[in-house]
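Coordinates in review
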Amino acid sequence: MTLPALLTACGGGPGGDGSTITLGSNSSDPVPKKAFADAFAAYEAQSDGRKVKVNTVDHNTFQENISRYLQGKPDDVFMWFAGNRMQFFAEKGLLHDISDNWQEYKGFSPALKAQSTGADGKQYLTPYYYYPWAVFHRRSLFADRGYQAPKTLDEYVALARQMKKDKLDPIAFCDKDGWPAMGTFDYLDMRTNGYAFHKSLMAGEVAWTDKRVREVFDTWRRLLPYCQQGANGRTWQEAANSLQKKEAGMAVFGLPHPGAQFPKDEQDDIDFFPFPVIAPEHGQDAVEAPIDGFLLAKKSKNLKNKKTLESAKDLLKWLATGKAEDIYLKSDPNNIAVSDQADISAYSPLQKKAVELVSGAKQISQFLDRDTRPDFSSTVMIPAIQKFISDPNDVDGLVNDIERQKKTIFAAG
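Residues numbered from 1 in each chain as written. Predicted model: local features only at pLDDT ≥ 70, side-chain atom pairs only at ≥ 80, totals over all residues. Heavy atoms only, no water.

With an unreviewed UniProt entry as reference, the protein is termed ABC transporter substrate-binding protein, source organism Streptomyces gelaticus.

Looking now at the pattern of salt bridges. Enumeration according to the criterion identifies 18 salt bridges in this entry. Close ionic contact of E104 with K317 constitutes a salt bridge, the shortest N to O distance being 3.3 Å. Here the residue E104 occupies a position in the loop between α6 (99–102) and α7 (110–115), and K317 occupies one in helix α15 (residues 306–319), the gap between them amounting to 213 residues. Its relative accessible area of 31% is what places K317 among the partly exposed residues. The partner of R139 in a salt bridge is D271, with the nearest N and O atoms 3.7 Å apart. Here R139 is found in helix α8 (residues 139–145), whereas its partner D271 is found in strand β8 (residues 270–273), with 132 residues between them in sequence. A single network of salt bridges, built from pairs that share partners, joins R138, E266 and D269. (Salt bridge = Lys/Arg side-chain N within 4 Å of Asp/Glu carboxyl O. Helix = DSSP H or I, 4+ residues; strand = E, 2+ residues; numbered from the N terminus. Buried < 20%, exposed > 50% of the residue type's maximum accessible area, 1.4 Å probe, protein only.)

Let's shift gears to a positive patch on the surface. A cluster of basic side chains, namely K73, K122, K298, K299, K301 and K304, defines a positive patch on the protein surface. Tracing the chain through its elements places K73 in the loop between α4 (66–71) and β3 (77–81). In this structure K73 comes out as exposed when scored by relative accessible area, which is 53%. (Patch = residues over 30% accessible without salt bridge, like charges linked within 9 Å, V, L, I, M, F, W, Y side chains within 5 Å. Areas by Shrake-Rupley, 256 points an atom, 1.4 Å probe, with all protein chains shown as cover. Lys, Arg positive; Asp, Glu negative; His and termini not counted. Charge placed at Lys NZ, Arg CZ, Asp CG, Glu CD.)

Here we take up α15. The terminal C-alpha atoms of α15 lie 20 Å apart, and with 14 residues this matches the ideal 20 Å at 1.5 Å per residue to within 8%. Along α15, the residues classified as buried are T308, L309, S311, A312, K313, L315, L316, W318 and L319. Two or three places before K307, at the start of α15, stands the capping residue N305, its side-chain oxygen 2.8 Å from that residue's backbone nitrogen. (Expected span 1.5 Å × (residues − 1). Polar contact = N/O pair within 3.5 Å; in protein donor to acceptor, adjacent residues only side chain to side chain.)

Before going further, it helps to spend a moment on the packing of aromatic side chains. Tallying each qualifying case throughout the model produces 37 aromatic pairs. Measuring from centroid to centroid gives 5.3 Å for Y187 and F275, while their planes differ by 5°, and the two rings are stacked. Of this pair, Y187 sits in helix α10 (residues 180–193) while F275 sits in the loop between β8 and β9 (286–288); the two residues are 88 residues apart in sequence, bridging distant segments of the chain. Across the pair, F275 and Y187 agree in class, each one buried. An aromatic cluster of three or more residues is present, and its members are F173, F185, W208, F217, W220, F376, F388 and F410. Positioned above the aromatic ring of F272, the side-chain terminus of K353 is 4.9 Å from the ring centre. (Phe/Tyr/Trp six-rings, centres within 6.5 Å; stacked < 30°, edge-to-face > 60°. Lys NZ or Arg CZ within 6 Å of the ring centre and 35° of its normal.)

Further remarks concern unusual backbone geometry. In this model, K246 sits at a positive phi of 65°, which is unusual for a non-glycine residue. Overall, the relative accessible area of 31% leaves K246 in the partly exposed class. Backbone geometry places F367, a non-glycine residue, at a positive phi of 160°.

To continue, consider the sheet that holds strand β5 (residues 133–138). Strand order in the open sheet formed by four strands is β6-β7-β5-β8, with mixed pairing between adjacent strands. Each edge of the sheet is formed by a strand with only one pairing partner; in this case those strands are β6 (169–172) and β8. Taken pair by pair, the neighbouring strands of this sheet meet at an average axis angle of 30°, ignoring direction. One ladder, built from four bridges, connects β5 with strand β7 (residues 248–254); its direction is antiparallel. Note that in β7 the partner of W133 across the bridge is G254. (Pairing = 2+ DSSP bridges. Axes fitted to C-alpha atoms, helices over the stretch in contact; angles between N-to-C directions.)

Let us look at the sheet that holds strand β1 (residues 20–25). Pairing within the open sheet is mixed, and its six strands lie in the order β2-β1-β3-β10-β4-β11. Of all the strands in the sheet, the pair left with one neighbour each is β2 (51–56) and β11 (336–337). For strand β4 (residues 126–130) and strand β10 (residues 291–296), the ladder comprises four bridges, and the chain directions are antiparallel. Of the residues in β10, the one forming a bridge with P127 is G293. Along the sheet, helix α5 (residues 84–91) contacts β3 and β10; its crossing angle with β3, the most-contacted strand, is approximately 130°. (Contact = heavy atoms within 4.5 Å.)

What follows deals with the state of the cysteines. By the definition in use, this model includes zero disulfides. Unpaired in terms of disulfides, C174 finds its nearest cysteine sulfur in C227, a separation of 10 Å. With relative accessibility at 3%, the residue C174 sits in the buried group. (Disulfide = S-S within 2.5 Å.)

Before going further, it helps to spend a moment on the environment of P74. Tracing the chain through its elements places P74 in the loop between α4 and β3. With 41 residues separating them in the primary sequence, P74 and Q115 have C-alpha atoms 23 Å apart.

On to the side chain of S300. Within the fold, S300 resides in the loop between β10 and α15. In contact with S300, not counting residues within four places along its chain, are P74, D75 and D76.

Here we come to the packing of helix α19 (residues 374–390) against helix α20 (residues 395–411). Interhelical geometry of α19 versus α20 gives an angle of 175° and a closest axis separation of 10 Å. Classified by the interaxial angle, the pair formed by α19 and α20 is roughly antiparallel. On the side of α19, the interface is formed by D375, F376, T379, V380, M381, A384 and F388, while α20 contributes V395, L398, I402, Q405, K406, I409 and F410. (Parallel < 35°, antiparallel > 145°, perpendicular 65-115°, else oblique.)

Within the secondary structure layout, E325 lies in helix α16 (residues 322–331). Here E325 occupies a buried position and makes no salt bridge, while the nearest side chain of opposite charge, R370, is found at 13 Å. Residues contacting E325, with those up to four places away along its chain left out, are F108, Y128, Y129, L319, A337, V338, S339 and A342.

Moving on, we come to the nonpolar core. By size, the foremost hydrophobic cluster in this structure holds 134 residues, and its most contacted members are F78, W208, F217, W220, M250 and F294. The dominant element in this core, judged by the number of residues it contributes, is α19, at eight residues. With residues up to four places along the chain from it excluded, the contact list for F294 reads L23, F36, F40, V77, F78, M79, Y124, L125, T126, Y128, L316 and L319. (Core = buried A, V, L, I, M, F, W, Y, C linked by side-chain atoms within 4.5 Å.)

What follows is the structure in structure tokens.
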């Protein structure tokens, strides 16, 4: 979808009397799209005649055009991410302050509130779910071949080598969408250099020419021979399908990705292990667990109407309840509720394992394109990682180019 079409599809619309709330959605895949439809229908059923008009746009199109969208004709409510990605737009004055809503919210931890708070101390995000990243595989494949989940990088490489001998693609790999490979970079950096270093790197405080960053790419280069070739032309759905078909043995993914591509009767065969240890001093302390949620767009024309603003905030209050999360997760069991008021009794073994992974983490990252500036991640890091995947031999040239562009972007403020 082109940018003009995106801005036409997402934004404007009814809402003058406060009865209709427009909502920009990036959940274009069938499973989450239906789950959100169920949640919004449940809200409408319990509200006093309010309606939610959902404008769904392809995930990548939405993500790559978010800045223009928020500065153009955005919907009243839109789906987006916690952390830096939210804080960046709050600082630009593109989000509505919902601190008054947060005074009524229950069931959210202080950490969740912190991830929903801007640099000014005000809250802008209503969190809805999170999902950890790990190394996913099929339980039956590991059992049939006698594979053991590796704990260290050397064991990971040894397992990949054996899978290759067994005529498998050891690691399902993709980056056509521009973001999937970022998860691998994040884990390699956090396992090699630690969470604090990674956060400083994402904040622009550490030079990409630092020898520690070069070490990350050198380690990644060691893994590339075991990754599916042609990753820059493969979508995450295609990579997940190769895992499902037992053509590939492992994949670094977020919890929803394999679940969305496995048939219902094969869901119980999905398993994962934490990304392996590289430097013992950092162990597996950090876990990548992005948080998604809902925000109000400051430039929405409808929200200038007091009644529509009240309706939009009312929708967010309802979405912040455990009941709203229960309805969503009933249709999409590939995420984890953020509210401690949600019913976890129906969680699958995979969801319960995911909760244990995150609860046992000493640090939690959001994701490369959420932990740094959106203009840096989209204009610099997407092409840089794709270039590395296609030509991994010039690490010096790569990091020098990233650092040069980073200085320009971060200096611009």
